[in-house]
Amino acid sequence: QVLLVESGGGLVQAGGSLRLSCAASGRTFSIYTMGWFRQAPGKEREFVATITWSGGTYYADSVKGRFTISRDNAKNTAYLQMNSLKPEDTAVYYCASTASAYSSGSHSSKGQYAYWGQGTQVTVSS
């Protein structure tokens, strides 16, 4: 059984930083693409960033230059470093993992992911 557990969310002032973590278990972590999505109240869940099994990274335009996705395969964990946070970054952040191993590409669509965490709340005050 694949399990994804996010942590690291919280309340931060605009301009501040947070680092989210996504701990994975249940299968070989290193061969699967990981993604981060977010969902604000009343809005659709949207793509934030992807890191492929080989280390390729992709970002939504809204976070490019401010957020950094990374992974530590030895710890079975993916990260999302968020800097220069804005009030519009307020959302529940979810990590996700693909069903297929060794997949490449941006994986910016929710339907490309088979497994999801429970989410962690990020609130940015102005």
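To be clear, the structure that these remarks concern was listed above.
Residues numbered from 1 in each chain as written. Predicted model: local features only at pLDDT ≥ 70, side-chain atom pairs only at ≥ 80, totals over all residues. Heavy atoms only, no water.

Trainee: Quick one: what's the story with the state of the cysteines, residue by residue and with numbers?
Mentor: This structure, assessed with the given rule, holds 1 disulfide. The side chain of Cys22 participates in a disulfide bridge whose partner is Cys95; the two sulfur atoms lie 2.1 Å from each other. Disulfide Cys22-Cys95: torsion about the S-S bond near 55°, hence right-handed. Within this pair, whereas Cys22 is found in strand E3 (residues 18-25), its partner Cys95 is found in strand E9 (residues 91-101), the two being separated by 73 residues in sequence. Take Cys95: its relative accessible area is 0%, and that puts it in the buried class. (Disulfide = S-S within 2.5 Å. Helix = DSSP H or I, 4+ residues; strand = E, 2+ residues; numbered from the N terminus. Buried < 20%, exposed > 50% of the residue type's maximum accessible area, 1.4 Å probe, protein only.)

Trainee: Which residues make up unusual backbone geometry, and what are the values?
Mentor: With phi around 55°, Asn76 is a residue other than glycine that occupies positive phi space. Within the secondary structure, Asn76 is located in the loop between strand E7 (67-72) and strand E8 (77-82). At His107, a position not held by glycine, the phi torsion is positive, near 50°. Relative to the assigned elements, His107 resides in the loop between E9 and strand E10 (115-116). When its relative accessible area of 8% is taken as the criterion, His107 is described as buried.

Trainee: Describe the nonpolar core, with residues and values.
Mentor: Trp36, Val48, Phe67, Leu80, Met82 and Tyr93 are the most contacted members of the largest nonpolar core, which totals 29 residues. Going through the elements one at a time, E3, strand E4 (32-39), strand E5 (46-51), E7, E8, E9 and strand E11 (120-125) are the ones with two or more residues in this core. The residues contacting Phe67, other than those within four sequence positions of it, are Arg38, Val48, Tyr59, Leu80, Gln81, Met82, Asn83, Leu85, Asp89 and Tyr93. (Core = buried A, V, L, I, M, F, W, Y, C linked by side-chain atoms within 4.5 Å. Contact = heavy atoms within 4.5 Å.)

Shape descriptors only; they carry no functional weight alone.
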